[in-house]
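Remarks on the overall topology
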Amino acid sequence: MYGRDPWGGPLEINAADSATDDDRSRNLQDFDRAALSSRPLDETQQSWLLGPTGEQKKKKYVDLGCIIVSRKIFVWTVGTLLVSAFLAGFITLIVKTVPRHKHSHAPPDNYTLALHKALMFFNAQRSGKLPKHNNVSWRGNSCTHDGKSGDAIMSDLSGGYYDAGDAIKFHFPMAFSMTMLSWSVIEYSAKYEAAGELNHVKDVIKWGTDYFLKTFNHTADSINRLASQVGSGDTSGGSTTPNDHYCWMRPEDIDYVRPVFDCSSCSDLAGEMAAALASASIVFKDNKAYSQKLVHGAKALFKFSRDQRGRYSGGGTEAATFYNSTSYWDEFLWGGAWLYYATGNNSYLQLATTPGLAKHAGAFWGGPDYGVLSWDNKLTGAQVLLSRMRLFLSPGYPYEEILRTFHNQTSIIMCSYLPIFTTFNRTRGGLIQLNHGRPQPLQYVVNAAFLATLFSDYLDAADTPGWYCGPNFYSTDVLRDFAKTQIDYILGKNPRKMSYIVGFGNHYPKHVHHRGASIPKNKIKYNCKGGWKWRDTKNPNPNVINGAMVAGPDKHDGFRDVRTNYNYTEPTLAGNAGLVAALVALSGEKNVGIDKNTIFSAIPPMFPTPPPPPAPWRP
């Protein structure tokens, strides 16, 4: 049998070989010498024959288990990796330790900057015991005893907001202000969040709604009286009785009795307060207990407004002099729409879409003030609010016909805002005259700017590029441009180059008609007449009331920065609420748009009711 010689030669093995071990060993040694003398052996062969030696050469290969690589390549690879890691760490250390210029975000636009200011005005208008975070250094606790007089409907009416440059709390425009702020938060919460003002504006709203809950028995299902005003401003007949108009005092120094007015037949006021609480309940829907409290109060107020009809300013009340309400039908539409969104209860929608109610509110007959949203007339706001439902929910029968009418009327109103139409005049500087040249125009302008931007965003969200004015089609950008030109005018792009928002820009009113801002906080208490010297001085106000939008210029773009002329220099709560709404709508990126769904969160799925069958045919 032949086996293969591992060294290349044949090896014969005799099975019958009987040589001894010593003989085999000698023969093998002889053979080894012969083989070695014939050719050299490699290392492996030598190790087999000779066993381990002390002078073995280093292996040229490295066994990594799954592969065998050259030792030289292995050393170079590991070394390269170590050097690369060291260099990378060294470079990273240098980059992190060496100072460098950081790329900042794009600066906020003017609308966002003005928004920060405009919200501060509400902090300056707070009544009662102020929170520690109020951030208006010259304001303090004031009128904390409101309602404690013996004839008050409620024992505690501290809190709320002063209306303007005086210390009166007019609940009618105050409620409208809170509704407008809530509406803006519902639609543009993402923009408030981006501006860092969402918590602030919600705090502003809650300060108002907490106060409204004090003005009636909010735990009852039905009520019969409601506080309508705190403080007095009647100076007719030359009256010298100390009150909030005759006296020029800081609210913190008021020591005279402040009367409380109430009403038992005030559909307009109750309807507006119901709208304020209902809209705020959507803002605070994440706080379930508080939201339900607001809804319960809104229901009681709206029931009261429907059951006991009448105008809160009727019968020669003091409110008629300052905030006279012309009708309560628009508040029925407005309050009903908000209560439907807050509760999902169909009865409110049925009421808000009743054609007879809309007719009484003036939805079909126009007039010189048609399309002008204000603290007195909410018809335009209600129509926009209900058009939203048609655009996004499309409830169909039996609501479609009246909702289509509201939508069409809203489109007509938007057309009236455009400069190509002559429904409203404009000043040479471009300010639209929604109040037809009467004083204090800006409060109406900001409301229109908000509605125009909002309706534009509604159409964009509904994938509708524009709307028709007669035979002509206009892009949604036209509406936004209208709003921008009006707000830009207020921010300083006007013939006088003046900002009408205090604290914004370099040139703004310095003699604002405002008691608290005009009297220094110097630990001196000025009595009723003692403050007159601060009213009449030509010096600028010692306190800057940041964010206050003054009443505005006249129809010739003229403006007099005079403290005693309130038609130019007095700010109001309702005016600033519209300003905040318009500013947040225009702020930031256009593609952020509105929040389509939050306002509908309480509404159950809608299944359109099929129309009734036609009448039977008769020959």
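Residues numbered from 1 in each chain as written. Predicted model: local features only at pLDDT ≥ 70, side-chain atom pairs only at ≥ 80, totals over all residues. Heavy atoms only, no water.

1. Looking at the overall build of the chain
Broken down by element type, the chain carries 20 helices and 9 strands. Counting across all 619 residues of the chain, residues that qualify as buried make up 50%. Within the chain, residue pairs in contact and separated by at least 24 positions form 72% of the contacts whose partners lie at least 6 positions apart. About 30,400 Å² of surface is accessible on the chain, with carbon and sulfur atoms providing 55% of the total. (Helix = DSSP H or I, 4+ residues; strand = E, 2+ residues; numbered from the N terminus. Buried < 20%, exposed > 50% of the residue type's maximum accessible area, 1.4 Å probe, protein only. Contact = heavy atoms within 4.5 Å. Areas by Shrake-Rupley, 256 points an atom, 1.4 Å probe, with all protein chains shown as cover.)

2. A short note on the nonpolar core
Ranked by internal contacts, the top residues of the largest apolar core, which has 159 residues, are Trp183, Leu226, Trp338, Tyr341, Tyr417, Phe450 and Ile487. Dropping the residues within four chain positions of it, leucine 226 is found in contact with Ile153, Thr215, Phe216, Phe261, Asp262, Cys263, Cys266, Leu269, Ala270, Met273, Leu301 and Phe304. By size, the runner-up hydrophobic cluster in this structure holds 9 residues, among which are Cys143, Tyr162, Ala167 and Cys528. (Core = buried A, V, L, I, M, F, W, Y, C linked by side-chain atoms within 4.5 Å.)

3. As for the pattern of salt bridges
Enumeration according to the criterion identifies 22 salt bridges in this entry. One salt bridge in this structure joins arginine 258 and aspartate 244, with 3.0 Å as the shortest N-O distance. Highlighted residues: arginine 258 in the loop between strand S6 (226–230) and strand S7 (260–263) and aspartate 244 in the loop between S6 and S7, separated in sequence by 14 residues. Given the relative accessible area of 6%, arginine 258 is considered buried. Exposure remark for aspartate 244: the relative accessible area of 2% places this residue in the buried category. Note that lysine 378 is salt-bridged to glutamate 272, the shortest N-O span being 3.1 Å. (Salt bridge = Lys/Arg side-chain N within 4 Å of Asp/Glu carboxyl O.)

4. Some remarks on helix H14 (residues 400–417)
When the terminal C-alpha atoms of H14 are compared, their 26 Å separation across 18 residues agrees well with the 26 Å that a helix rising 1.5 Å per residue should span. Along H14, the positions that sit buried rather than exposed are Ile402, Leu403, Phe406, His407, Gln409, Thr410, Ser411, Ile413, Met414, Cys415, Ser416 and Tyr417. (Expected span 1.5 Å × (residues − 1).)

5. Overview of the packing of aromatic side chains
Applying the stated criterion across every chain yields a total of 30 aromatic pairs. Where tryptophan 183 meets phenylalanine 450, the ring centres are 5.4 Å apart and the plane angle is 85°; that geometry is what we call edge-to-face. One end of the pair, tryptophan 183, is in helix H5 (residues 171–195); the other, phenylalanine 450, is in helix H15 (residues 442–461), and 267 residues separate them in sequence. Accessibility assignment for this pair places tryptophan 183 and phenylalanine 450 in one class, buried. Between tyrosine 246 and tryptophan 532, the ring centres sit 5.5 Å apart and the planes meet at 80°, which makes this aromatic pair edge-to-face. Of this pair, tyrosine 246 sits in the loop between S6 and S7 while tryptophan 532 sits in helix H18 (residues 532–536); the two residues are 286 residues apart in sequence, bridging distant segments of the chain. Ring-pair connections join several aromatic residues into one group, and the members of that group are Trp183, Trp334, Trp338, Tyr340, Tyr341, Phe450 and Phe600. Its guanidinium or amino end placed over the ring of tyrosine 290, lysine 206 lies 4.7 Å from that ring's centre, counting from NZ or CZ. The ring of tryptophan 532 has arginine 535 sitting right over it, with the charged end atom 4.8 Å from the ring centre. (Phe/Tyr/Trp six-rings, centres within 6.5 Å; stacked < 30°, edge-to-face > 60°. Lys NZ or Arg CZ within 6 Å of the ring centre and 35° of its normal.)

6. Points about the confidence of the model for the chain
Confidence along the chain averages 89 in pLDDT terms, with 86% of residues attaining 70 or more. Per-residue pLDDT stays below 50 along residues 1–38; that stretch engages in 17 contacts with residues further than four places along the chain or on separate chains. (pLDDT = per-residue confidence, 0-100.)

7. Overview of the packing of H15 against helix H20 (residues 573–586)
The interhelical angle for the contact between H15 and H20, taken along N-to-C directions, is 30°, at an axis separation of 8 Å. Between H15 and H20 the crossing geometry is left-handed. Where H15 abuts H20, its residues Gln443, Val446, Asn447, Ala449, Phe450, Thr453 and Asp457 lie against Gly575, Gly578, Leu579, Ala581, Ala582, Ala585 and Leu586. Taken together, the residues of the contact of H15 with H20 break down into 8 nonpolar, 5 polar and 1 charged. (Axes fitted to C-alpha atoms, helices over the stretch in contact; angles between N-to-C directions. Left-handed = near helix turned anticlockwise from the far one by under 90°. Nonpolar A, V, L, I, M, F, W, Y, C, P; charged D, E, K, R; others polar.)

8. Re a nonpolar patch on the surface
Taken together, Val83, Phe86, Leu87, Phe90, Ile91 and Ile94 make up a surface patch of nonpolar side chains, about 590 Å² in accessible area. As for its position among the elements, phenylalanine 90 is in helix H3 (residues 71–97). Under the relative-accessibility criterion, phenylalanine 90 is labelled partly exposed at 44%. (Patch = residues over 30% accessible without salt bridge, like charges linked within 9 Å, V, L, I, M, F, W, Y side chains within 5 Å.)

9. So, the state of the cysteines
A covalent bond between the sulfur atoms of two cysteines is what we call a disulfide. The tally for this structure, following the rule as stated, stands at 3 disulfides. A sulfur-sulfur distance of 2.0 Å marks the disulfide that ties cysteine 247 to cysteine 528. Taking the torsion about the S-S bond as the criterion, the cysteine 247 to cysteine 528 disulfide, at about -90°, is left-handed. Highlighted residues: cysteine 247 in the loop between S6 and S7 and cysteine 528 in the loop between helix H17 (515–518) and H18, separated in sequence by 281 residues. Assigned by exposure class, cysteine 247 and cysteine 528 land together as buried. Covalently, cysteine 263 is tied to cysteine 266 through a disulfide, its sulfur atoms 2.1 Å apart. (Disulfide = S-S within 2.5 Å.)

10. Considerations on the pairing of strand S8 (residues 466–469)
Looking at chain direction, S8 and strand S9 (residues 472–475) are connected through 4 bridges and run antiparallel. What sits directly across from glycine 466, in S9, is serine 475. (Pairing = 2+ DSSP bridges.)

11. Some remarks on the sheet that holds S6
As summarised here, the arrangement of the 3 strands in space is S5-S6-S7, forming an open sheet in which the pairing is antiparallel. The strands lining the two open edges of the sheet, one partner per strand, are strand S5 (169–170) and S7. Bridge count for S6 against S7 is 4 bridges, and the pairing is antiparallel. Residue pairing in the sheet places alanine 227 in a bridge with aspartate 262 of S7.

12. Observations regarding the packing of H14 against H15
When two helices pack together, their arrangement is given by the angle between the helix axes and the distance between those axes. As a packed pair, H14 and H15 sit with axes 11 Å apart at the nearest point and diverge in direction by 120°. As the angle between them shows, H14 and H15 are arranged oblique. Judged by the sense of rotation from one axis to the other, the crossing of H14 with H15 is left-handed. Where H14 abuts H15, its residues His407, Thr410, Ser411, Met414 and Tyr417 lie against Ala448, Leu451, Ala452 and Phe455. A per-class count over the contact of H14 with H15 returns 6 nonpolar, 3 polar and no charged. (Parallel < 35°, antiparallel > 145°, perpendicular 65-115°, else oblique.)

13. Section: unusual backbone geometry
Among all residues except glycine, the phi angle is most often negative; among peptide bonds, the trans geometry is most common. The step from tyrosine 397 to proline 398 runs through a cis peptide bond, and the omega angle for that step is 5°. Considering the arrangement of structural elements, one finds proline 398 in the loop between helix H13 (379–392) and H14. Unlike most non-glycine residues, asparagine 135 shows phi in positive territory, near 65°. Inspection of the secondary structure assignment puts asparagine 135 in the loop between helix H4 (110–124) and S5.

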